[in-house]
Amino acid sequence: MGRLIIISNRLPFSLDKDGDKVSLRQSSGGLVSAIKSYFENASAQRGGEATENVWMGVADFPQEDWELVVATHAAEQDFSILPLFVDKDLYDNYYNGFSNSVLWPLFHYFSSLANYESQYFDAYVQVNQLFAEKLLPLLRPDDQIWIHDYQLMILPHLLRTKRPEATIGFFLHIPFPSYEIFRLLPTEWKKILLQGLMGADLIGFHTYDYVQHFLQSAKMLLGVDSYFHNLQYQDRLVRIDLFPIGIDYNKFHQTAADPETEQLRNKILDNFADKKIVFSVDRLDYTKGLMQRLNGFEYFLERYPEWREKMIFILNVVPSRDTIPAYNDRKKMIEEKIGTINGRFSSISWQPVIYRYNHLPFKELIALYQAADVALVTPLRDGMNLVAKEYVASSLGRGVLVLSELAGAASELSEAILVNPTDTSDVASSIVRALAMPLYEQRNRISLMQRRIQEYDVFKWVNDFMDQLAQVKQEQQKQKVKLLDEKVITTIRRHYQRSRNRCLLLDYDGTLVPFSRIPSEAAPDNAVKDLLLRLTADPKNHVIIISGRDLSSLDRWLGEFNVTLVAEHGASTKRRGAAWQQMVSVSDLWKEEIRRIMQLFVLRCAGSFIEEKTNTIAWHYRNTQAGLGFSRSRELLNTLSQLIQNTTLQVIDGNKVVEVRIAGFDKGATALKIIGEMDPDFTLCMGDDTTDEDMFKALEGEAYTIKVNNGASAAQYTILSQQQVLPVLTLLTSELPEPLQLPKTKYADS
Ligand code: GDG
């Protein structure tokens, strides 16, 4: 197994210097402990032998202290450190600038706070480049690289361009926003960011929504289509998936039972013996919804006066990013609001909000989690939110979690009381519901959530990600399409000549004939006709033309030949010498709404037109202005995909055509059915379009599958252009004397 190289903005520790005494302080947080434990495991598997795993990040110590760090770190052998030293101003523009004043607000839906300074973006690109330059010379072929978070979105691409075969994973810890938000970024930047991420083999997000948002942005901006969670990008398979981060469950559960924690907890409980405790802990960040939470709490005190004096709200705010103005202003506002609430509702013996602005020691944090009857976790947006999970893990069987429905954690913690954080009355009534919840119900909800958090803890998360990364690499290997060369042609030809019952499945447009500007003019020329005549003259051959075309066009052009015709991707079939058979019979009322939308797009995109067939309706944009046609096609795809949700229709992003058809039949299923009936001892299948991929997959192991044109495909082989189809078919199927002569000149054009 190769090295694991973790790359994050910061190194996982900071350097503490006290006179001559030097120590390294490990950063708190699940990620660091999970990865450390992953490293420890790897080392244990090697019988305690030191692993060569690496952690790379920007150092928060000056370069002259590097020797000291190495000496201090030497005792710890789980991983080695690769520090990057970045000039302060550059770092400031990259980190406080682009990362935290553009990406952070925008990705959390605070678009009005994004400050699109070009010097920020330049610095971001530059620091990503510094990471790449430092790492590239040290990379080994079997290294696994795992890049973390929004500060390093371009790095995967920078590494990929220099190391096409590298294994690269990327995980985004914050939300990936909807396309409507992402598109607000300046055009060039958003493309660079997406292309940057696409350098990875596996891109991970916390939730299904973020995955969908990313897939949509990739489709709209890069024109890459997804197949389940896979994207084909520049001949490479990239997988996009969700990996909801977990916590180190046992650490929280065990610390909860620790005597010191118990002492701290009892002290808190004694202090507020006759009161219920509501608790919050957040970094000072506008995404955490502190103002809205305080508004909700104020409304709770106003609307439910019976709870006054019977509860307190402990609000702990952790200092963060205080050099950025948007953060500093918030602190003042929050403190004023707390003052107003306390001024308005306090009595001589009671104050509703206990506010602290500091970082709590770990055991005190756990003691507070345990003492709290209610945890109020109401961010306006949050990638995941670990506090919610930690509160649940620390519980000894009681407590209620009130959680924002806009935090990633909400999709896993459905037993929490879910609230809309901006809805003041919803927050207030949720506090009341939580305070009044019977103990048996608290237990029930907590234990269900605990089981889930325990099962998918942070170690599972790391392993899951690494397993998927290895799987993607294997699939990429399998997917590598081989160029059809002389050796393969000889093999196929020999098989052809030995066989007695052959099926030749051929796509029409883009395969047998070139694409024509007007679909109705794609009649076969004499060369195609000659080939078909020759092939069908041999009684051992059964030729099947399998197309997306309507049946009357196929009849008109190919009806004279002794072939099987398959129209509209399998909706109609005409076997040799027989009549057309419809595979589906439904009313075509569904077309009306689709036609109406497509007509709008015809108006909005000169040169495009609609083609209607029995079971499909298509919008063609081959003859439109290149950029416009493509971008309109992305919009149409988007509109149609939403429209047909929960119907039996399907939208296909074909070659310069967007098509809607009735789901349930495709070329793959049809091809399988036909060869099932024929039981051939030789099958050849050729096609160029996305819809032909269904055949290539269905016929895996059953046929020689050949894709026309470059590009990733499930086919076994590829030929470089449509012009090569007839010569290659001729070669494969004629009785030429050996040795074989390939038509080199024709074979080379594209
Ligand atoms: C990102 C995403 C995603 C907080 N105050 C104290 C303290 N903490 C610890 C908590 C928790 C961590 O900090 C905060 O975790 P979050 O999940 O809220 O957010 P981040 O780590 O800032 O950021 C987030 C996460 O990445 C993981 O993918 O969940 O959505 O923004 O562990 O316990 N710890 C101590 N004292 C405190 O006062 N000891």
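We now turn to the structure provided with this report. Along each chain, the written sequence defines residue order, and numbers are assigned to residues from 1. Local features are withheld for residues below a pLDDT of 70 in this predicted model, meaning they are given only at 70 or higher, and side-chain atom pairs are given and counted only at 80 or more; totals for whole chains, interfaces and linings count all residues. Processing note: side-chain calculations cover all non-hydrogen atoms of the structure and skip hydrogens and water entirely.

### Details of the overall build of the protein chain
Consideration 1: Secondary structure summary: the protein chain contains 26 helices and 30 strands in total.
Consideration 2: Expressed along its principal axes, the backbone C-alpha trace of the protein chain runs to roughly 100 × 60 × 50 Å.
Consideration 3: Only protein chains enter the accessibility calculation, which uses a 1.4 Å probe; a residue whose area is less than 20% of its type maximum is buried, one above 50% is exposed, and one in between is partly exposed. Taking all 750 residues of the protein chain together, 56% fall into the buried category.
Consideration 4: Pairs at least 24 apart in sequence give 70% of the contacts found in the protein chain among residues at least 6 apart.
Consideration 5: Taking the average location of the 82 positive side-chain charges in the protein chain and that of its 94 negative ones, the two points are 2 Å from each other. Helix and strand definitions here come from DSSP, where helices need a minimum of 4 consecutive H or I residues and strands a minimum of 2 consecutive E residues; each element is numbered from the N-terminal end. Throughout, a residue-residue contact means that at least one pair of heavy atoms, one from each residue, lies within 4.5 Å. Within this scheme the basic residues Lys and Arg register as positive and the acidic residues Asp and Glu register as negative, but His and the chain ends are omitted. Where a charge sits is defined by one atom per residue type, namely NZ (Lys), CZ (Arg), CG (Asp) or CD (Glu).

### Concerning the pairing of strand 10 (residues 230-233)
Consideration 1: Between any two strands, at least two bridges found by DSSP are needed for them to pair. Judged from the four bridges that link them, strand 10 and strand 11 (residues 236-242) form a sheet pairing that is antiparallel. Of the residues in strand 11, the one forming a bridge with Gln-232 is Leu-237.

### Comments concerning the nonpolar core
Consideration 1: Among the buried residues, those of types Ala, Val, Leu, Ile, Met, Phe, Trp, Tyr and Cys that are joined through side-chain atoms within 4.5 Å form a nonpolar core. If you look at the biggest cluster of nonpolar residues, it comprises 100 residues, and the most contacted ones within it are Trp-146, Phe-300, Leu-401 and Leu-403.
Consideration 2: Residue ranges for the domains originate in an automatic or database domain assignment. Inspection of this core shows a minimum of three residues originating in each of domain 1 (4-242) and domain 2 (250-455).
Consideration 3: Those residues in contact with Leu-401, other than ones at most four positions away along the chain, are Ala-375, Val-377, Ala-388, Tyr-391, Val-392, Leu-413, Ala-416, Ile-417 and Met-449.

### Digging into the side chain of Asn-385
Consideration 1: Mapped onto the fold, Asn-385 is located in the loop between strand 15 (374-377) and helix 14 (386-394).
Consideration 2: Residue classification places Asn-385 among the buried residues on the basis of a relative accessible area of 7%.
Consideration 3: There is a polar contact of 3.0 Å between the side chain of Asn-385 and the backbone nitrogen of Ala-388.
Consideration 4: When near neighbours in sequence (up to four residues on either side) are disregarded, Asn-385 contacts Lys-288, Val-377, Pro-379, Ala-407 and Ala-409. Polar contacts, as used here, are pairs of N or O atoms within 3.5 Å; protein pairs need one atom able to donate a hydrogen and one able to accept it. Residues neighboring in sequence count only if both atoms are side-chain atoms.

### What about the sheet that holds strand 22 (residues 572-574)?
Strand pairing in a sheet relies on backbone hydrogen bonds, with the paired strands running either antiparallel or parallel.
Consideration 1: Taken in spatial order, the nine strands line up as 18-30-29-28-19-20-21-22-23 in an open sheet, and their pairing is mixed. Either end of the sheet is taken by a strand with one partner, and the two such strands are strand 18 (482-483) and strand 23 (580-582).
Consideration 2: Relative to strand 20 (residues 541-546), strand 19 (residues 502-506) runs parallel, the two being bridged by five bridges. By the bridge assignment, Leu-504 is partnered in strand 20 with Val-543.

### Section: the site of the ligand
Consideration 1: Around the ligand, the structure places 19 residues, and the nearest of them are His-173, Leu-360, Asp-382, Leu-386 and Glu-390.
Consideration 2: The side chain of Asp-382 places a nitrogen or oxygen atom 2.5 Å from an oxygen atom of the ligand.
Consideration 3: Measuring from an oxygen atom of the ligand, one finds a backbone N or O atom of Asn-385 at 2.9 Å.
Consideration 4: Across the complex, the protein chains shield 83% of the 730 Å² of accessible surface that the ligand would expose by itself.
Consideration 5: Breaking the shell around the ligand down by element, the ones donating at least two residues are strand 12 (276-283), helix 13 (362-371) and helix 14. For each residue, the test is whether any non-hydrogen atom lies within 4 Å of the molecule or strand; if one does, the residue is near. All accessible-area figures derive from a Shrake-Rupley calculation using a 1.4 Å probe, and residue coverage is judged against the displayed protein chains alone.

### A short note on the pairing of strand 8 (residues 202-205)
Consideration 1: On strand 8, burial covers both faces: Leu-202 and Gly-204 on one face and Ile-203 and Phe-205 on the other are all buried.
Consideration 2: Note that strand 8 and strand 11 share four bridges and pair parallel. Bridged to Gly-204 within strand 11 is Asp-241.

### Some details on the packing of helix 11 (residues 290-303) against helix 15 (residues 424-435)
Consideration 1: Only the stretch in contact is used when a helix axis is fitted, and all axes are lines through C-alpha atoms; the angle between N-to-C directions ranges over 0 to 180 degrees. Here helix 11 crosses helix 15 at 65 degrees, and the two axes come no closer than 7 Å. Crossing geometry of helix 11 relative to helix 15 is assigned as right-handed. Residue-level contacts link Arg-293, Asn-295, Gly-296, Phe-297, Tyr-299 and Phe-300 of helix 11 to Thr-424, Ser-425, Val-427, Ala-428, Ile-431, Val-432 and Leu-435 of helix 15.
Consideration 2: Three classes are used: nonpolar for Ala, Val, Leu, Ile, Met, Phe, Trp, Tyr, Cys and Pro, charged for Asp, Glu, Lys and Arg, and polar for all others, with Gly counted as polar. In terms of residue class, the contact of helix 11 with helix 15 is built from eight nonpolar, four polar and one charged. Note on convention: near helix rotated counterclockwise from far helix by under a right angle means a left-handed crossing. Clockwise means right-handed.

### Points about the pattern of salt bridges
Consideration 1: Any carboxyl oxygen of Asp or Glu within 4 Å of a side-chain nitrogen of Lys or Arg constitutes a salt bridge here. With the rule as written, the count across this model stands at 34 salt bridges.
Consideration 2: For Lys-275, the salt bridge is made with Asp-274, and the minimal N-O distance between the two is 3.2 Å.
Consideration 3: The exposure class of Asp-274 is exposed, given its relative accessible area of 61%.
Consideration 4: By sharing partners, the salt bridges in this structure join Arg-160, Asp-201, Arg-236 and Lys-473 into a single network.

### A look at the packing of aromatic side chains
Consideration 1: Two rings belonging to Phe, Tyr or Trp (six-membered ring only in the last case) form a pair when the distance between their centres is within 6.5 Å. Interplanar angles under 30 degrees mark stacking, angles over 60 mark edge-to-face geometry, and anything in between is tilted. Taken as a whole, this structure holds 35 aromatic pairs when the rule is applied.
Consideration 2: Ring centres of Phe-205 and Phe-214 lie 5.4 Å apart, and the angle between their planes is 40 degrees; this geometry places the pair in the tilted category. Phe-214 shares its class with Phe-205; the two are buried.
Consideration 3: Put simply, the rings of Tyr-91, Tyr-94, Tyr-95, Phe-98, Tyr-116, Phe-121, Tyr-124 and Trp-189 touch in pairs and so form one group of aromatic residues.
Consideration 4: A cation over a ring is seen here: Arg-604 above Phe-601, with NZ or CZ 5.0 Å from the ring centre. For a Lys NZ or an Arg CZ to count as sitting over a ring, it must be within 6 Å of the ring centre and within 35 degrees of the ring normal.

### Looking at unusual backbone geometry
Consideration 1: Unusually for a residue other than glycine, Asp-149 sits at a positive phi of about 80 degrees.
Consideration 2: For Asp-149, the location among the structural elements is in the loop between strand 6 (144-148) and helix 5 (155-162).
Consideration 3: Although it is not a glycine, Glu-309 adopts a positive phi angle of roughly 70 degrees.
Consideration 4: As for its position among the elements, Glu-309 is in the loop between helix 11 and strand 13 (311-318).
Consideration 5: Classification of Glu-309 by relative accessible area gives partly exposed; the value is 36%.

### A look at helix 7 (residues 187-197)
Consideration 1: Every buried residue of helix 7 is accounted for by Trp-189, Lys-190, Leu-193, Leu-194, Gly-196 and Leu-197. The buried residues of helix 7 occupy one face: seen down the axis, they fall within an arc of 155 degrees. Looking at helix 7, the residues exposed on the side facing more than 90 degrees away from the buried face are Thr-187 and Glu-188. This arc describes the spread of directions from the helix axis toward the C-beta atoms.

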